[in-house]
Amino acid sequence: MTLRPFATYRSEDRHATLGCRMTMALAASVLLGIIGQGCVSVPKRDPVPESLIGSAEIPGIPMARTWGDEVPPHADAFMAKTKAQMQAEYPDMFGKEHVYLAISGGGANGAFTAGLLNGWTAHGTRPEFSMVTGISTGALIAPFAYLGPDYDHILKDMYSSYDTKDLLHKRRPFNAFTSDAMYNTKGLEGLIAQYLTAEVMEQIAEQHRRGRQLLIGTTDIDASRPVIWNIGRIAVSGEPHSLDLIRQVMLASASIPVAFTPVAIEVEAGGRRYDELHVDGGTASQVFLYPAGVAWSEVLKKLETPGIPRVYVIRNSRLDPEAAAVNRRLLPIAERSISSLIRTQGIGDLYRIFALAERDGLGFHLAYIPAEFDATPTQVFDPVYMKKLYDLAYEMGNAGYEWKAAPPGFEPD
């Protein structure tokens, strides 16, 4: 989840990530903590033993998630299904055209996706997506993008009606030093609960029964690996904790390490209950489609997919480098370096998805914040900034946005 500048801290790079800024701010908190005493305690943990990490599952919901860096363990079972089974389990994907949507992280820049999707709806050409994936701010958007235009008003509301104080509460420096994050995210947790209701979960379950897929990425920091959560599978499970789990996954995907409180998720392994600690999916990647080890061309054959499937990737960020003189001081240099790392990681993720599309015969389409958008936010979640970005993206979508056929450096002549 890419974060934005604090109004109280001036920087030469106005588009540096908030996660970077928060990390730097925490360093200052640590220095203060050395000479003071914190008073905030963190909950005790019962982490999964290393020997059981690979076998841990969500109680009552088998295959609720898989590792994002390997072929899912149920891949062979999928390929072994008969044609009748495929038709029954994937009625809206079997023998029909596929359209995929992958939404990246980007914090307040999620207003770009919200505006682009809503403008696309207004243009009248927005398709129904066979699969939607989301990370970080993309995880907050993904369920409503998956459910379609009837939920466009929620996307607009999410990125125009709230500012920093509504979503985050900054801990005192001494308390931050002894806790697990600089910010309390009860406000963000409440926002997710407000919009992701039991009725919305049932709508997700209904679409999952049609075969459509909704996937959200987090990072298991105990295992130091990306995790892909099958939100539809959780929604149809009938387990009493399924709604809370979906909300937890969305919150975890948007929880920037150090800045936001990590999310402890209960799992079961070896006949015992443990907890896993999950944080921002952007810690592992900024955007994803499916693991590289999956032979998607074989999946398409199994589903008897006609034509060329289309994948639409929305990167909630500018891709062009922004030059700025950096003060020769520790914090500005570290901040600028981390900002550069996140930007180039995001571009690398686009290259990876593009390569998968080329390998597996998918049509690649990319959208990102144009270089000419140079508005400057004054806080982490600045409603004025987000409205400007939403309005720009809405006009782009409503005008019939010309999606890029390749990431930077791979454009056709």
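The structure under discussion appears in the preceding block.
Summary of the structure given here. (Residues numbered from 1 in each chain as written. Predicted model: local features only at pLDDT ≥ 70, side-chain atom pairs only at ≥ 80, totals over all residues. Heavy atoms only, no water.)

1. Topic: the layout of surface pockets
Then comes step 1: As a volume, the largest pocket reaches approximately 840 Å³.
Then comes step 2: For the largest pocket, the lining is made up of 34 residues, of which Pro-72, His-74, Phe-78, Tyr-90 and Gln-213 are closest to its centre.
Then comes step 3: Going through the elements one at a time, strand E1 (65-67), helix H2 (75-79), helix H10 (198-209), strand E6 (213-220), strand E7 (225-230) and helix H13 (296-302) are the ones with two or more residues in the lining of the largest pocket.
Then comes step 4: A per-element tally of the lining of the largest pocket places H2 first, with five residues.
Then comes step 5: A breakdown of the residues in the lining of the largest pocket according to their chemical character gives 20 nonpolar, seven polar and seven charged. (1 Å grid on protein atoms, 1.4 Å probe; cavity = no way out; pocket = protein on both sides within 12 Å on 5 of 7 lines; lining within 4 Å. Points joined across faces, edges and corners; volume = space filled by probe spheres on them. Helix = DSSP H or I, 4+ residues; strand = E, 2+ residues; numbered from the N terminus. Nonpolar A, V, L, I, M, F, W, Y, C, P; charged D, E, K, R; others polar.)

2. A look at unusual backbone geometry
Then comes step 1: Positive phi, normally seen in glycine, also occurs at Ser-224, with a value near 60°.
Then comes step 2: Considering the arrangement of structural elements, one finds Ser-224 in the loop between E6 and E7.
Then comes step 3: Look at Ser-224 and you get exposed, because its relative accessible area is 60%. (Buried < 20%, exposed > 50% of the residue type's maximum accessible area, 1.4 Å probe, protein only.)

3. Some words on the packing of aromatic side chains
Then comes step 1: Within this structure, the stated rule accounts for 14 aromatic pairs.
Then comes step 2: One aromatic cluster is present, formed by Trp-120, Phe-129, Tyr-312, Tyr-401 and Trp-403 through successive ring pairs.
Then comes step 3: If you follow Arg-225 out to its NZ or CZ, it ends over the ring of Trp-67, 4.1 Å from the centre. (Phe/Tyr/Trp six-rings, centres within 6.5 Å; stacked < 30°, edge-to-face > 60°. Lys NZ or Arg CZ within 6 Å of the ring centre and 35° of its normal.)

4. Focus: empty space enclosed by the protein
Where empty space is left can be seen by rolling a probe of water-molecule size over the atoms.
Then comes step 1: Using the criterion set out here, one finds three cavities of 30 Å³ or more in the structure.
Then comes step 2: In this structure, the largest cavity spans a volume of roughly 90 Å³.
Then comes step 3: If you go around the largest cavity, you meet eleven residues; those closest to its centre are Leu-140, Met-158, Tyr-159, Leu-167 and Phe-381.
Then comes step 4: Mapped by element, the contributors of at least two residues to the lining of the largest cavity are helix H5 (137-147) and helix H9 (186-195).

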